[in-house]
Amino acid sequence: MAELENLTGEYEYLSDYGTGKLIIQKTSNGYDISDYKSESSYRFLADSSNIETIENNRIYLKYPEQVFLNDTAAFSYYILEYSTGEINVYYGKSGFEETQLLYHAAKKSEAAADELLNSFIHGSINAVDSTDLTSTFYITDLNMDSEEWGAYSIGEKADLDNDGENELIISGPYGGIYLDARDNKVYEFAAGDGSALILSYVAYNGTIWIMYSNSMNAGYKSYHNGKI
């Protein structure tokens, strides 16, 4: 099913409840194709087993709307007609030949990294801890308004992980926080944590290296660095 590999992503359409979502994602067992009319209501939750065939840029889905105790089922029939960045979904109750256009969905584009970082700066989105995806924070959670030593401020943007896109430095205690933007989210991927983990970075031979230094012991410092 190479066709589905190129179609993975989230598509949006206008539904009776606002914005609907058609999501195609790869799983360990093949592909899931899900249609959500709203955040709390779905039209179908299909997978690869529901695909009858794929031909002429069309995916034919035979989906069991209701399964009875005698192992029979009432089916609905969907055709997903795809082209670059968009999918037309057709629906019928009795067969593929009787389907009619249900909606037109357009692929949701990923925001550019710089746009995501600016959204974090403006307080409209949060940042996620890369080591704990349940831990998030907004810029308003940081002490941004004080001139005290422990306050944070917006620093420069630099390509800290050598991926060709800039990351954001939040200047602050122990070297501050480094933020990366990917997959439509902002992630904290490095942060200073006390005098034993002072964050900084250095450019060497055209590559950025993230560095942590330890200044707890009088008379000397120790360093640990790595390339992201």
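Let us look at the structure shown here. (Residues numbered from 1 in each chain as written. Predicted model: local features only at pLDDT ≥ 70, side-chain atom pairs only at ≥ 80, totals over all residues. Heavy atoms only, no water.)

1. Observations concerning the overall build of the protein
Regarding its fold elements, the protein presents two helices and 18 strands. Here the protein has a C-alpha radius of gyration of 25 Å; the compact-globule value for 228 residues is 17 Å, and the former is much larger. Taken along the three principal axes of its C-alpha coordinates, the protein extends 80 × 35 × 35 Å. Every one of the 228 residues in the protein was classed for burial, and the buried ones make up 34%. Distance between charge centres in the protein, computed from 14 positive and 36 negative side chains, equals 4 Å. (Helix = DSSP H or I, 4+ residues; strand = E, 2+ residues; numbered from the N terminus. Rg over C-alpha atoms; globule rule 2.2 N^0.38 Å. Buried < 20%, exposed > 50% of the residue type's maximum accessible area, 1.4 Å probe, protein only. Lys, Arg positive; Asp, Glu negative; His and termini not counted. Charge placed at Lys NZ, Arg CZ, Asp CG, Glu CD.)

2. Description of the pattern of salt bridges
Tallied over the full model, the rule gives eight salt bridges. Between Asp35 and Arg43 there is a salt bridge; the shortest N-O distance is 2.9 Å. Neither residue differs from the other here; Asp35 and Arg43 are each classed as buried. As a salt-bridge pair, Arg58 and Glu81 come within 3.2 Å of each other at their nearest N and O atoms. (Salt bridge = Lys/Arg side-chain N within 4 Å of Asp/Glu carboxyl O.)

3. What about the side chain of Ser15?
Note on placement: Ser15 falls in strand 1 (residues 9-15). Take Ser15: its relative accessible area is 13%, and that puts it in the buried class. What Ser15 contacts, discounting residues up to four positions off in sequence, is Gly20 and Lys37. (Contact = heavy atoms within 4.5 Å.)

4. Topic: unusual backbone geometry
Positive phi values are uncommon outside glycine, yet Asn56 reaches one of about 50 degrees. With respect to the element layout, Asn56 can be found in the loop between strand 5 (51-55) and strand 6 (58-67). Note on Asn56: relative accessible area 71%, which makes it exposed. The residue Asn184 is not glycine, and still its phi comes out positive at about 65 degrees.

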